[in-house]
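Overview (structure and organization)
For reference, the chains in residue letters:
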Amino acid sequence: MKIAVIGGGITGLSAAYYMQKEILTEQLDAHVELFEANEELGGKIRTHKEQGYLIERGPDSFLARKPGVFKLAKEVGMDEEIVPNDAKGASILSKGRMHSMPGGAVMGIPTKFAPFAASSLFSPAAKARAAMDLMLPRGGQTADESVGGFFRRRLGHAVVDQLIEPLLSGIYAGDIDHLSLEATFPQFRRMEEEDRSLIKGMKKSQAASKEKQEGPSAEQAMFRSFKYGLSSLVDAIHRHLDEDAVRLGCTLSEISRESDGLRLTFADGTTDWFDRVLLTVPHHLIPEMIPSFSGNERLSEAPATTVATVAMGFDQTQLDDITLEGTGFLVADKANYDITACTFTHRKWSHTAPEGKGLLRTYVGRPGQEDIVSESDETIVERAVNDLKRIMPLKGEPEFSVVTRWRNSMPQYLVGHKDKVQAIETHLEEEFPGLYVTGASFGGIGLPDCVTQGEKAAYNLLSLVQG
Ligand code: FAD
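Quick summary incoming for the structure in this document. (Residues numbered from 1 in each chain as written. Predicted model: local features only at pLDDT ≥ 70, side-chain atom pairs only at ≥ 80, totals over all residues. Heavy atoms only, no water.)

**Structural notes on the site of the ligand**
The cut-off we apply is this: The nearness test applies per residue and asks whether one of its heavy atoms lies within 4 Å of the molecule or strand. In protein, a polar contact requires one atom able to donate a hydrogen and another able to accept it; more generally it is a pair of N or O atoms within 3.5 Å, and residues adjacent in sequence count only if both atoms are side-chain atoms. Here the Shrake-Rupley method, with its probe set to 1.4 Å, supplies the accessible areas, and only the displayed protein chains count as covering residues. Only DSSP runs of H or I reaching four residues or more are called helices, and only runs of E reaching two or more are called strands; each is numbered from the N terminus.
The local shell around the ligand holds 35 residues, among which Thr11, Glu36, Lys44, Ser61 and Ile445 are the closest. Here Glu36 contributes a side-chain N or O atom positioned 2.6 Å from an oxygen atom of the ligand. Here Asn38 contributes a side-chain N or O atom positioned 3.4 Å from an oxygen atom of the ligand. For the ligand, whose free accessible area comes to 1,000 Å², the fraction covered by protein is 90%. Elements supplying a minimum of two residues to the shell around the ligand: helix H1 (10-25), strand S2 (31-36), strand S21 (400-411) and helix H17 (447-466).

**Quick notes on the side chain of Glu182**
Let me state the cut-off plainly: Burial here depends on accessible area, computed with a 1.4 Å probe over protein chains only, as a share of the maximum for the residue type. Under 20% is buried, over 50% is exposed, and the range in between is partly exposed. Contacts are assigned to residue pairs with any non-hydrogen atoms lying within 4.5 Å of each other.
Structurally, Glu182 is set in helix H7 (residues 181-184). Relative accessible area serves as the criterion here: at 16%, Glu182 is assigned to the buried category. Engagement of the side chain of Glu182 in a polar contact is seen with the side chain of Arg190, the distance being 3.1 Å. Other than its neighbours up to four places away in sequence, Glu182 contacts Asp144, Arg189, Arg190 and Lys418.

**Re the side chain of Ser180**
Mapped onto the fold, Ser180 is located in the loop between helix H6 (157-172) and H7. What makes Ser180 buried here is its relative accessible area of 0%. There is a polar contact of 2.7 Å between the side chain of Ser180 and the side chain of Asp144. A distance of 2.9 Å separates the side chain of Ser180 from the backbone nitrogen of Ala183, its partner in a polar contact.

**Some words on the packing of aromatic side chains**
For the record, the criterion: The criterion for an aromatic pair is that two Phe, Tyr or Trp rings (for Trp, the six-membered ring) have centres within 6.5 Å, with stacked assigned to planes under 30 degrees apart, edge-to-face to planes over 60 apart and tilted to the rest. As a reminder, the over-ring test applies to NZ of lysine and CZ of arginine, requiring each to be within 6 Å of the ring centre and within 35 degrees of the ring normal.
A complete count under the given rule lists 14 aromatic pairs for this structure. With centroids separated by 5.4 Å and ring planes inclined at 70°, the aromatic side chains of Phe151 and Phe188 adopt a geometry described as edge-to-face. Placement of the pair is Phe151 in helix H5 (residues 147-155) and Phe188 in helix H8 (residues 186-195), with a sequence separation of 37 residues. One aromatic cluster is present, built from ring pairs that chain together Phe150, Phe151, Tyr172, Phe185 and Phe188. Here the basic side chain of Lys2 rests over the ring of Phe274, its NZ or CZ set 4.6 Å away from the ring centre. Positioned above the aromatic ring of Phe223 is the side chain of Lys348, whose terminal nitrogen or guanidinium carbon lies 4.6 Å from the ring centre.

**Side note on the pattern of salt bridges**
Just so we agree on the cut-off: For this document, the term salt bridge refers to a Lys or Arg side-chain nitrogen within 4 Å of an Asp or Glu carboxyl oxygen.
For the coordinates displayed, the defined rule picks out 29 salt bridges. Between Asp377 and Arg405 there is a salt bridge, and its shortest N-O distance comes to 2.6 Å. One end of the pair, Asp377, is in helix H15 (residues 377-391); the other, Arg405, is in strand S21, and 28 residues separate them in sequence. Among the residues examined, Asp377 registers a relative accessible area of 31% and is labelled partly exposed.

**Structural notes on helix H2 (residues 68-75)**
Spelled out, the test is: Directions drawn from the helix axis to the C-beta atoms are what define this arc.
Those residues of H2 that fall on the buried side of the exposure criterion are Gly68, Val69, Leu72 and Ala73. Down the axis of H2, the sector holding all buried residues measures 120°, keeping them to one side. Positioned one or two residues after H2, Gly77 has a phi angle of 75°, which is positive.

**A short note on the pairing of strand S16 (residues 276-279)**
Threshold: Strands pair, by our definition, only if DSSP identifies at least two bridges between them.
The two faces of S16 match: Arg276 and Leu278 on one face and Val277 and Leu279 on the other face are all buried. Bridge count between strand S1 (residues 2-6) and S16: four bridges; the pairing is parallel. Bridge pairing in S16 links Val5 to Leu278. Pairing of S16 with strand S22 (residues 435-437) involves three bridges; the strand directions are parallel. Pairing of Val277 across the sheet is with Leu435, part of S22.

**Let's talk about the sheet that holds strand S8 (residues 97-100)**
Our working definition: Throughout, an axis means a line fitted to C-alpha atoms (over the contacting stretch in the case of helices), and angles, computed between N-to-C directions, take values from 0 to 180 degrees.
An order of S8-S7-S18-S19-S20-S17-S21 is seen for the seven strands of this open sheet, with the pairing classed as mixed. Unpaired on one side and paired on the other, S8 and S21 mark the two borders of the sheet. Each strand axis lies, on average, 20° off the axis of its neighbour in the sheet, ignoring direction. Judged from the three bridges that link them, strand S7 (residues 91-94) and strand S18 (residues 328-331) form a sheet pairing that is parallel. The residue bridging Ile92 from the neighbouring strand is Leu330, located in S18. Contacts between H6 and the sheet are confined to S7, S18 and S21, with S7 contributing the most and set at about 110° to the helix.

**Some remarks on the nonpolar core**
General note: in soluble globular proteins, nonpolar side chains tend to be found buried as a group. Just so we agree on the cut-off: As used here, the term nonpolar core means buried Ala, Val, Leu, Ile, Met, Phe, Trp, Tyr and Cys residues forming a set that is joined through side-chain atoms within 4.5 Å.
Counting 39 residues, the largest nonpolar core has Ile10, Met19, Phe226, Leu233 and Ile237 as the members making the most contacts within it. Those elements that place two or more of their residues in this core are S1, H1, S2, H2, helix H10 (231-240) and H17. A total of eight residues in this core trace back to one element, the largest contributor, which is H1. Ignoring sequence-local partners within four residues, the contact set of Phe226 consists of Phe62, Val69, Ala73, Met78, Glu81, Ile82, Val83, Ser232, Leu233 and His351.

Structural data, given as structure tokens:
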């Protein structure tokens, strides 16, 4: 059986790795080939090294509480190179003032009374409203609802607008009043079903995972990365794949169903036939590949936000007057700034900047404010630096900067996302048997979720070979 994996981002790499391993272990009569449009693997993972700095142009880390990346790193001998974030704690810029993130808040949900009560972020009325979660009945919803709607119902508008929204939109670059709870944070929905109160439920689950020593507690480092950057994981996976299994610079243009399998046509005009094809590319690229597919409207209408990361190197002396502690800040004052967040990368990951230097990374672009990404590098840097100078005493201009644009890169899982994915899969099975989709557009955007999706798809496809 011939299997093609399309896309050499972390999902496709994970799928190809686990398929190759299973084929070898089980001595299966199958062969896997991975096709990547670019000359490099990694997709959104792009580590850039310049002047002694280590800059992540895309993702900079992965969540420590999810197992996917740890497991794959171990497989390819990279587990020793995993590092936790150094500095902890972050701030939120809200109503023109910087506030520390309340201690004990997990995804914005208070799990400790004292730091929440002492937080300058919320008014007494907002704190009292959030505490009503302890008494409020269950919502009784059976259908999916928005993340914003759910948390507003449980904790009130202020906690959502000033804490949860900036936190989550930092992850999803989306409007949380449209994002699907079931597709992003199903555990909170289950928590309401089981424990009624989110605050009680969070306390319980924190205590349980502490006991089982599963994942970090609210005080421990939440993130992990690799000593030599995330691309080092990509390179290690690449080294473990058979040489003839990776085809770089191969852009898939079209897939058609023929009597002898799925015919792939590439941008250079060549064709090849496969029994199974796994697409791991962003969803908005799929309709062009299968123009006759009945699910194309669903794929085309699913939004994806355009963002840019702006990494800037400074001499430490330029940062001397900044008293803000921790790993950086999120911007809740959406209308007043272009930047949505700023990471003090040299503090969060001390291996990323040379001695005596500092690395700041800001984000621009959010739903409704994506135009800035089309500006020139100079304009984007200028606007980011201006915002930073309005917020903190930053001196002078960056010694250098690296702007990376990510167009339509953050898929938005709108309410009803899971049903939509299910419908797409069902229609694919009927119209293009042997063709499957997975990856960031479908079952989770974080790196651990992408790895797990790749692994699951690998075993699903191969179980068809094993019968
Ligand atoms: P991609 O990485 O998009 O890979 C798809 C691949 O398909 C690409 O290599 C592309 O070139 C290839 N391709 C496309 N079309 C074709 C074609 N026609 N033929 C062949 N190949 C094709 N997640 C975290 O966990 N932590 C973070 O800190 C984090 N930060 C992020 C910051 C940014 C700026 C962005 C954009 C995302 C971030 N994410 C983060 C999310 C995470 O990086 C992505 O969801 C994940 O990397 C997507 O992996 P993927 O393999 O599914 O897709």
